[in-house]
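Examining the three-dimensional arrangement
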Amino acid sequence: MVYPNLIIRLDYIQENAASISQACFKHAIDVCGVVKGLHSEIEVAKAMVSGGVRQIGDARLENLKKLKNAGINVPLLLTRIPMLSEIEALVDFADISLNSEIKTIEAINEVCMMKKRSHKVVLMYDLGDLREGFIDQEQLLHTAIQIEDMDGVILEGIGTNLGCYGSVKPTIENLSELVLLANRIESQIGRKLNIVSGGATSTLPMVLEGSIPKGINHLRIGESILLARDLPDLWHVPLPFTHKDTVVVKAQIVELKRKPSHPIGELFLDAFGNRPTFEDRGMENRAIVALGRQDFAYMDQLIPVDKELEMIGCSSDHLIIRIPDDSDYKIGDVLSFETYYGAMLFLSGADHIHKTFIK
Ligand SMILES: *Cc1c(COP(=O)(O)O)cnc(C)c1O
């Protein structure tokens, strides 16, 4: 095997997709599997579809194009509000997109008319997290009515995003507001909306405990399928029948030496312009692993599989690890690390990380 290597367990991702889809299905909720956290890999999208997700979502159109060309045969949803410069590609490669600007929606409609195609939109309602979406309910309602008059754009539904920027928690109160708004729109346009999208992984706990308001019928789930770690580890919400060791990065030891724990000489700035401080613990055994911040971005989001190992620092290309005095690691040994979402995002997108898919 070549290193560093990111081992991706497609079998686990498929099982996670199946567990989450089934839990949601019990509450009449469809799952859009969001693949952007794992470099939008085709194999990962296929595993999600095999697990039962009804749509595949990604933030970037190039990725949706890649997935469409690879034959992913469920509807593709663009999770980031589209750019005016990508409307043609949007109509070609995405079936559905999340939207919040009438100007953009009008541009989509024009391209649809030109191409004799249609495109579905979900209008985003900002319930206070303050990322994307209409903050003014009347403006959203007005936009919904405008779309009903368009021939190319189809109003598929409404949705919201919570927790991503403002860290606002999904609750019965804010999600009920979304359902009420859906009802208002439905009575104005005289038909049901197909999608009332209640958020992402952070909304899953409400599904599991059964408190999700009736009327929410769609979630866009990335982390809980790709990794299933945030809810059990950070939220202390158990996620039954899921694996959180779906990705493991393996990297090789390139140096092993006994060194002082405190740097020698006058201390100044590190590689990133920080002024670090050091505890003097005397001499210790240290390994340097050929993996760096350029690969994982966040060292504190790596989890050494060998619990005896302690990561003490990193630079762009090196990870420094304290190892117990009695361990028998040698040069060339391979260390394994599980990850949180942020490190997974970077590792899977890093140029110099090889990937191994396990089916
Ligand atoms: C990334 C994203 C998701 C998926 O979020 P997870 O927390 O990974 O489940 C859903 N919706 C939108 C709009 C996103 O940008």
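Just so it is clear, the structure is predicted and the values come from calculations on it, not from any experiment.

Definitions and limits used
- Residues numbered from 1 in each chain as written.
- Predicted model: local features only at pLDDT ≥ 70, side-chain atom pairs only at ≥ 80, totals over all residues.
- Heavy atoms only, no water.
- Buried < 20%, exposed > 50% of the residue type's maximum accessible area, 1.4 Å probe, protein only.
- Helix = DSSP H or I, 4+ residues; strand = E, 2+ residues; numbered from the N terminus.
- Pairing = 2+ DSSP bridges.
- Near = heavy atom within 4 Å.
- Polar contact = N/O pair within 3.5 Å; in protein donor to acceptor, adjacent residues only side chain to side chain.
- Nonpolar A, V, L, I, M, F, W, Y, C, P; charged D, E, K, R; others polar.
- Patch = residues over 30% accessible without salt bridge, like charges linked within 9 Å, V, L, I, M, F, W, Y side chains within 5 Å.
- Areas by Shrake-Rupley, 256 points an atom, 1.4 Å probe, with all protein chains shown as cover.
- Salt bridge = Lys/Arg side-chain N within 4 Å of Asp/Glu carboxyl O.
- Arc of directions from axis to C-beta.
- Contact = heavy atoms within 4.5 Å.
- Phe/Tyr/Trp six-rings, centres within 6.5 Å; stacked < 30°, edge-to-face > 60°.
- Disulfide = S-S within 2.5 Å.
- Domains from an automatic or database assignment.
- Buried area = accessible area lost by both parts, 1.4 Å probe.

Counting buried residues along strand β14 (residues 319-323), 4 of its 5 residues qualify, which places the element largely inside the surrounding structure. Summarising the sheet, strand β11 (residues 283-289) and β14 pair through 5 bridges and their orientation is antiparallel. Bridge assignment links V289 to a residue of β14, and that residue is L319. As paired elements, strand β13 (residues 310-314) and β14 share 4 bridges and run antiparallel to each other. Across the sheet, E310 pairs through a bridge with R322, a residue of β14. Where β13 folds back onto β14 in an antiparallel hairpin, the turn is made up of 4 residues.

If you check the shell around the ligand, you find 13 residues, and the closest are K36, T201, R220, G222 and E223. One nitrogen or oxygen atom from the side chain of K36 is found 2.7 Å from an oxygen atom belonging to the ligand. R220 has a polar side-chain atom sitting 2.8 Å from a nitrogen atom of the ligand. Grouping the constituent residues of the shell around the ligand by class yields 4 nonpolar, 4 polar and 5 charged.

Here we take up a nonpolar patch on the surface. Side chains of L130, I135 and Y165 sit close together on the surface and give an oily, nonpolar patch of about 370 Å² of accessible area. The residue I135 is located in the loop between β6 (119-124) and α6 (137-148) in this model. Judged by its relative accessible area of 55%, I135 is exposed.

Glancing now at helix α3 (residues 61-69). Taken residue by residue, α3 has L61, N63, L64 and L67 as its buried positions. Around the axis of α3, the buried residues are gathered within 155° of arc, so they sit on the same side. Relative to its buried face, α3 has exposed residues pointing more than 90 degrees away, namely E62 and N69. Contacts from the buried residues of α3 go to α2 (42-51), β3 (55-58), β4 (76-78) and α4 (87-93). Trailing α3 by a residue or two, G71 shows a phi angle of about 90°, which is positive.

Next up on the list: the packing of aromatic side chains. Following the criterion strictly, the structure yields 1 aromatic pair and no others. Each ring, one from Y298 and one from F346, has its centre 5.8 Å from the other, and the planes form 85°; the classification is edge-to-face. Linking Y298 in the loop between α11 (293-296) and β12 (302-304) with F346 in helix α12 (residues 341-349), this pair joins segments that are 48 residues apart in sequence. A residue is classified by how much of its surface remains accessible, and F346, at 37% relative accessible area, is partly exposed.

So, about the environment of V153. Within the fold, V153 resides in strand β7 (residues 153-159). A relative accessible area of 3% means that V153 is categorised as buried. With 41 residues separating them in the primary sequence, V153 and C112 have C-alpha atoms 7.2 Å apart. Ignoring sequence-local partners within four residues, the contact set of V153 consists of I105, I108, N109, H119, V121 and I147.

Phi is mostly negative for residues that are not glycine, and the peptide bonds are mostly trans. Of the consecutive residues Y3 and P4, the connecting peptide bond is found in the cis state with omega at -5°. Tracing the backbone through its elements, the reader meets P4 in the segment before β1 (5-9). One non-glycine residue with positive phi stands out, namely A228, at about 55°. Note on placement: A228 falls in the loop between α9 (223-226) and α10 (230-235). In this structure A228 comes out as buried when scored by relative accessible area, which is 1%. The backbone of F241 sits at a positive phi, close to 60°, despite the residue not being glycine. Among the secondary structure elements, F241 is positioned in the loop between α10 and β10 (247-260). Owing to a relative accessible area of 74%, F241 belongs among the exposed residues under this scheme.

With that settled, the discussion passes to the state of the cysteines. As enumerated under the stated definition, the model contains 0 disulfides in all. Left unpaired, C32 is separated from the closest cysteine sulfur, that of C24, by 12 Å. Residue classification places C32 among the buried residues on the basis of a relative accessible area of 0%. Of the cysteine sulfurs around C164, a residue in no disulfide, the closest is that of C32, at 14 Å.

You can read the domains of the protein as domain 1 (10-235) and domain 2 (247-358). Note on domain 1 versus domain 2: buried area summed over both sides is about 1300 Å², and carbon and sulfur give 64% of it. On the domain 1 side of the contact with domain 2, G37, L227 and R229 bury the most area, a combined 37% of that side's loss. If you look at where domain 1 meets domain 2, you find 2 salt bridges. We note a salt bridge from E41 to K355, for which the minimum N-O separation is 2.8 Å. Linking domain 1 with domain 2 are 8 residue pairs in polar contact (both at pLDDT 80 or more).

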